Amino acid sequence: ETLGAAVLDALGVRAPATVSTRRGVLMMEHLDGVTGSESGVGAIVPESIAGSADGVRMGLADLVMLNTDRNAGNWLIQGDRLAGLDHGCAFHNLTLPRGVADFDFPFARFAIEQVGGKFQLRSEFSLPAEVNLAEIRAALEGLRDSFEQAGRGAWHRRMMERLAEIERRVKS
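What counts as what
- Residues numbered from 1 in each chain as written.
- Predicted model: local features only at pLDDT ≥ 70, side-chain atom pairs only at ≥ 80, totals over all residues.
- Heavy atoms only, no water.
- Pairing = 2+ DSSP bridges.
- Helix = DSSP H or I, 4+ residues; strand = E, 2+ residues; numbered from the N terminus.
- Contact = heavy atoms within 4.5 Å.
- Axes fitted to C-alpha atoms, helices over the stretch in contact; angles between N-to-C directions.
- Core = buried A, V, L, I, M, F, W, Y, C linked by side-chain atoms within 4.5 Å.
- Buried < 20%, exposed > 50% of the residue type's maximum accessible area, 1.4 Å probe, protein only.
- Parallel < 35°, antiparallel > 145°, perpendicular 65-115°, else oblique.
- Left-handed = near helix turned anticlockwise from the far one by under 90°.
- Nonpolar A, V, L, I, M, F, W, Y, C, P; charged D, E, K, R; others polar.
- Polar contact = N/O pair within 3.5 Å; in protein donor to acceptor, adjacent residues only side chain to side chain.

Caption draft 1: Fine view of the pairing of strand β4 (residues 75-78). Here two bridges tie strand β3 (residues 34-35) to β4, and the two strands are oriented antiparallel to one another. In the sheet register, Thr 35 faces β4, and the bridge partner there is Leu 76. Judged from the four bridges that link them, β4 and strand β5 (residues 81-84) form a sheet pairing that is antiparallel. Looking across to β5, one finds that Leu 76 is bridged to Ala 83. Between β4 and β5, which follow one another and run antiparallel, lie two residues, and Gly 79 among them has a positive phi close to 70°.

Structure, rendered in structure tokens:
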């Protein structure tokens with residue numbers, strides 16, 4: 001949860017601050033806003049939300065973390081901004097593109113498509129101009145020590161491998 005929030009923060013998307021007080025106890029900041037489900041958004045996030053800079057950044061975060069639980073209750077609308085919640089289903093050992101096959105990533109539809117009932121990473125896709133992958137790479141590299149200190153260095157390595165796969169597929 002804590003590392004997931006740090007990844008979203010590194011990508012410029014709000015997430016609740018978290019503090020682990022002792023093993024198995026996590027304190028989480030309350031964020032004001034309306035969840036996607038409270039706003040009436042179903043499983044298909046409207047392009048006006050998913051295609052916003054925050055939406056694309058959240059989608060990228062979900063892909064690099066392989067967060068498989070970005071349902072309508074796990075994100076907030078805060079005025080004209082978005083916030084991500086609940087990252088407990090992130091950091092799987094899967095790689096891209098294989099890791100997306102059985103999961104929907106509602107904020108990453110710019111990068112994935114459904115073929116034959118399975119999701120797959122598109123061979124090529126574009127990002128909005130305000131989403132800079134070089135800045136994202138630098139911000140995620142800056143989290144290496146946090147992952148190492150948490151005993152999750154392998155998670156960071158896999159996350160950076162998934163980012164490299166995304167970078168290979170983005171149209172320049």
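Caption draft 2: Spatial organisation of the sheet that holds β5. The antiparallel open sheet is built from three strands, whose spatial order is β3-β4-β5. At either end of the open sheet lies a strand with only one pairing partner, and these are β3 and β5. Taken strand by strand, helix α3 (residues 53-65) contacts β4 and β5, and its axis lies near 20° from that of β5.

Caption draft 3: Quick peek at the nonpolar core. Ranked by internal contacts, the top residues of the largest apolar core, which has 47 residues, are Val 7, Leu 60, Trp 75, Leu 127 and Leu 140. Put simply, the parts of the chain that give this core at least two residues each are α1 (2-10), α2 (47-50), α3, β7 (118-121), α4 (133-141) and α6 (153-169). At seven residues, the largest contribution of residues to this core is made by α3.

Caption draft 4: Layout of the side chain of Asp 62. Along the chain, Asp 62 turns up in helix α3. Once you skip the residues sitting within four places of it in the chain, Asp 62 turns out to touch Asn 67, Arg 70 and Phe 105.

Caption draft 5: Representation of the packing of α1 against α3 in the model. Following both chains from N to C, one finds α1 and α3 inclined at 140°, their axes separated by 9 Å at the closest point. The angle between α1 and α3 places the two elements in the oblique class. For α1 against α3, the interelement crossing comes out right-handed. Contacts between α1 and α3 involve Gly 4, Val 7 and Leu 8 from the former and Met 58, Ala 61, Val 64 and Met 65 from the latter. Along the lines of polarity and charge, the residues of the contact of α1 with α3 split into six nonpolar, one polar and no charged.

Caption draft 6: Structural context of the pairing of strand β1 (residues 18-22). Of the strand pairs in this sheet, β1 and strand β2 (residues 25-28) are connected by four bridges, and their pairing is antiparallel. Note that in β2 the partner of Val 19 across the bridge is Met 27. What sits between the antiparallel neighbours β1 and β2 is a turn of two residues, in which Gly 24 has the positive phi angle 85°.

Caption draft 7: Layout of the environment of Arg 168. Within the fold, Arg 168 resides in helix α6. Residues Arg 168 and Phe 125, spaced 43 residues apart in sequence, show a C-alpha to C-alpha distance of 9.9 Å. Here Glu 165 takes part through its side chain, which lies 2.7 Å from a polar atom of the side chain of Arg 168.

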